[in-house]
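Descriptive analysis of the structure
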Amino acid sequence: MIIQVCVGSSCHLKGSADIVELFQNAIQEHKLEDDITLAGSFCTGKCNRVGVTVQIDDEIHTGITRENFKEFFTEKVLNVLKS
């Protein structure tokens with residue numbers, strides 16, 4: 001699985017560095033280092049008023065925040081890897 005966090009100017013201002021850190025911690029916590037490649041990307045053109053844009057493989061998700069990260073990670077990463 002490839003996870004790309006937008007680090008373009010808009011997402012940077014909305015906390016992309018925090019989201020990257022949350023991904024790093026969650027990947028380590030769940031011992032998924034061999035299953036996930038975490039990378040930064042520049043603007044995907046899907047800017048949103050709230051939160052950061054994250055691309056998982058070919059699917060783009062907008063509005064990722066510190067508050068909804070855990071639910072997002074469980075649904076879009078853990079549940080997908082388990083299936």
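Fair warning: this is a prediction, and the values are worked out from it, not measured in the lab.

Before going further, it helps to examine the packing of aromatic side chains. According to the stated counting rule, one finds four aromatic pairs in the structure shown. Seen in terms of ring centroids, F23 and F73 are 6.0 Å apart; in terms of plane orientation they differ by 65 degrees. Their pairing is edge-to-face. In this pair, F23 sits in helix 2 (residues 16-29) while F73 sits in helix 3 (residues 69-82), placing the two residues 50 residues apart along the sequence. By relative accessible area, F23 is classed as buried at 0%. Judged by its relative accessible area of 2%, F73 is buried. Members of the aromatic cluster, each reached through a chain of ring pairs, are F23, F69, F72 and F73.

With that settled, the discussion passes to the layout of surface pockets. Roughly 160 Å³ of internal volume is contained in the largest pocket. L22, N25, A26, E29, H30, F69, K70, F73, T74 and L78 together form the lining of the largest pocket. Broken down by element, the residue count for the lining of the largest pocket peaks at five residues, all from helix 3. Considered class by class, the residues forming the lining of the largest pocket number five nonpolar, three polar and two charged.

This brings us to the packing of helix 2 against helix 3. Orientation of helix 2 relative to helix 3, taken along the N-to-C sense of each, is 55 degrees, at an axis distance of 11 Å. By the criterion of interaxial angle, the relationship of helix 2 to helix 3 is oblique. The handedness of the crossing between helix 2 and helix 3 comes out as right-handed. Facing I19, L22, F23, A26 and I27 of helix 2, the residues of helix 3 in contact are F69, F72, F73 and V77. Taken together, the residues of the contact of helix 2 with helix 3 sort by class into nine nonpolar, no polar and no charged.

Looking now at the side chain of T65. Relative to the elements of secondary structure, T65 occurs in the loop between strand 4 (59-64) and helix 3. A residue is classified by how much of its surface remains accessible, and T65, at 15% relative accessible area, is buried. Once you skip the residues sitting within four places of it in the chain, T65 turns out to touch I19, V50 and G51.

Turning to the pairing of strand 4, a few remarks are in order. Looking at chain direction, strand 3 (residues 52-56) and strand 4 are connected through four bridges and run antiparallel. In the sheet register, V52 faces strand 4, and the bridge partner there is I64. Adjacent in sequence and paired antiparallel, strand 3 and strand 4 are bridged by two residues, among which D57 carries a positive phi angle near 50 degrees.

Cut-offs and rules
Residues numbered from 1 in each chain as written. Predicted model: local features only at pLDDT ≥ 70, side-chain atom pairs only at ≥ 80, totals over all residues. Heavy atoms only, no water. Phe/Tyr/Trp six-rings, centres within 6.5 Å; stacked < 30°, edge-to-face > 60°. Helix = DSSP H or I, 4+ residues; strand = E, 2+ residues; numbered from the N terminus. Buried < 20%, exposed > 50% of the residue type's maximum accessible area, 1.4 Å probe, protein only. 1 Å grid on protein atoms, 1.4 Å probe; cavity = no way out; pocket = protein on both sides within 12 Å on 5 of 7 lines; lining within 4 Å. Points joined across faces, edges and corners; volume = space filled by probe spheres on them. Nonpolar A, V, L, I, M, F, W, Y, C, P; charged D, E, K, R; others polar. Axes fitted to C-alpha atoms, helices over the stretch in contact; angles between N-to-C directions. Parallel < 35°, antiparallel > 145°, perpendicular 65-115°, else oblique. Left-handed = near helix turned anticlockwise from the far one by under 90°. Contact = heavy atoms within 4.5 Å. Pairing = 2+ DSSP bridges.

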